Amino acid sequence: KDDEQRWHEKAITQLRAFVNKHDVSIIPIMQEEFLKTEVAAGVMLCGRLDRVDKLADGSLHIVDYKTGNVPQEMDWAQLEFHALILSKHLPETVSKASFLYMADSTLQSTVISPERLVQAHWDALTVARQIQKEKTFATTTGYWCRNCDFMPICPNESQVTPAEGQLELWNDLDSEEGDGN
């Protein structure tokens, strides 16, 4: 209950900061939308766009919500790829992309120019080419391993520990099903 109360207070604080700092009359044209597009034969880009707004000039603004802290250096690649994907789905121009850091409602924005979309396209193709050429893949175990689609073929599978209590929960469910419960 104490944790629940702390999370509740944190969420209310973030919501108040958002309402006080941003125009809440804007109605997004997309929220939590999963999109994918083929950028070359056999090369798919996909991503979940948290929010897309239409600006007064008719162009689009991609907003990605972040729960962590503002980094010292911004890496815009994710939003550039999202802009590239969105540009293949809608006729409007993507002109702006932002990270919205929920802790203090800080908005970090960048302009998305046509040249930047072309560069993002080339970056995607370059990474795809590198992946196609790769014959061995170095693996690193970590927190996200348990969500990986490649766990059944991972050489480090035995080093991955499930979330604490996760295995026991599934074992309990399996034994209950076997008992007819």
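Above this note sits the structure.
First, a word on scope: everything that follows refers to the structure included in this document. (Residues numbered from 1 in each chain as written. Predicted model: local features only at pLDDT ≥ 70, side-chain atom pairs only at ≥ 80, totals over all residues. Heavy atoms only, no water.)

Quick look at unusual backbone geometry now. The phi dihedral of Glu 32 falls on the positive side, at around 50 degrees, and the residue is not glycine. Turning to its location among the elements, Glu 32 is positioned in strand E1 (residues 30–40). The backbone of Ser 105 shows a phi angle near 60 degrees, a positive value even though the residue is not glycine. Tracing the backbone shows Ser 105 in the loop between strand E4 (94–101) and strand E5 (106–111). (Helix = DSSP H or I, 4+ residues; strand = E, 2+ residues; numbered from the N terminus.)

With respect to the element layout, Asp 50 can be found in strand E2 (residues 43–54). On a C-alpha basis, the gap between Asp 50 and Val 63 in space is 6.4 Å, while along the polypeptide they are 13 residues apart. Each residue touching Asp 50, except ones within four places of it in the same chain, is listed here: Met 30, Gln 31, Glu 32, Val 63, Asp 64 and Tyr 65. (Contact = heavy atoms within 4.5 Å.)

Here the focus is the pairing of strand E3 (residues 60–66). Most of E3 sits inside the fold, with 5 of its 7 residues counted as buried. As paired elements, E2 and E3 share 4 bridges and run antiparallel to each other. Its bridge partner lying in E3, Lys 54 is registered against Leu 60. Read from E3 through helix H2 (residues 77–87) to E4, the crossover connection turns out right-handed. (Buried < 20%, exposed > 50% of the residue type's maximum accessible area, 1.4 Å probe, protein only. Pairing = 2+ DSSP bridges. Right-handed = clockwise from strand over helix to strand, strands pointing away.)

A few words on the environment of Leu 100. Considering the arrangement of structural elements, one finds Leu 100 in strand E4. With 30 residues separating them along the chain, Leu 100 and Val 70 place their C-alpha atoms 9.1 Å apart. Excluding its chain neighbours within four sequence positions, the residues that come into contact with Leu 100 are Phe 18, His 22, Val 63, Asp 64, Tyr 65, Lys 66, Ser 105, Thr 106 and Leu 107.

Topologically, His 61 is positioned in strand E3. Note on His 61: relative accessible area 6%, which makes it buried. Within the structure, the side chain of His 61 is placed 2.6 Å from the side chain of Ser 98, a separation counted as a polar contact. Excluding residues within four positions of it along the chain, His 61 makes contact with Arg 51, Val 52, Asp 53, Leu 55, Lys 96, Ala 97 and Ser 98. (Polar contact = N/O pair within 3.5 Å; in protein donor to acceptor, adjacent residues only side chain to side chain.)

Right, let's get into the sheet that holds E3. The strand order across the open sheet built from 5 strands is E1-E2-E3-E4-E5, with neighbouring strands paired in mixed fashion. With partners counted over all chains shown, the strands left at the sheet margins are E1 and E5, one partner each. Ignoring which end each strand starts from, the neighbouring axes of this sheet average 40 degrees apart. Against the sheet, H2 contacts E1, E2, E3 and E4, and its axis sits at roughly 90 degrees relative to E2. (Axes fitted to C-alpha atoms, helices over the stretch in contact; angles between N-to-C directions.)

Here we come to the pairing of E2. The pairing of E1 with E2 spans 9 bridges and is antiparallel. From the neighbouring strand, Leu 35 faces E2, where its bridge partner is Gly 47. Connecting the antiparallel pair E1 and E2 is a turn made up of 2 residues, with Gly 42 showing a positive phi of about 80 degrees. In this antiparallel pair of consecutive strands, E2 and E3, the connection spans 5 residues, and Gly 58 shows a positive phi of 95 degrees.

Moving on, we get to the packing of H2 against helix H3 (residues 114–133). Between H2 and H3, the least distance of the axes is 9 Å, while the angle of their chain directions is 100 degrees. By the angle class used here, H2 and H3 are roughly perpendicular. Between H2 and H3, the residues in contact are Glu 80, Phe 81, Ala 83, Leu 84 and Ser 87 and Arg 116, Leu 117, Ala 120, His 121, Asp 123 and Ala 124, respectively. Class assignment of the residues belonging to the contact of H2 with H3 gives a composition of 6 nonpolar, 2 polar and 3 charged. (Parallel < 35°, antiparallel > 145°, perpendicular 65-115°, else oblique. Nonpolar A, V, L, I, M, F, W, Y, C, P; charged D, E, K, R; others polar.)

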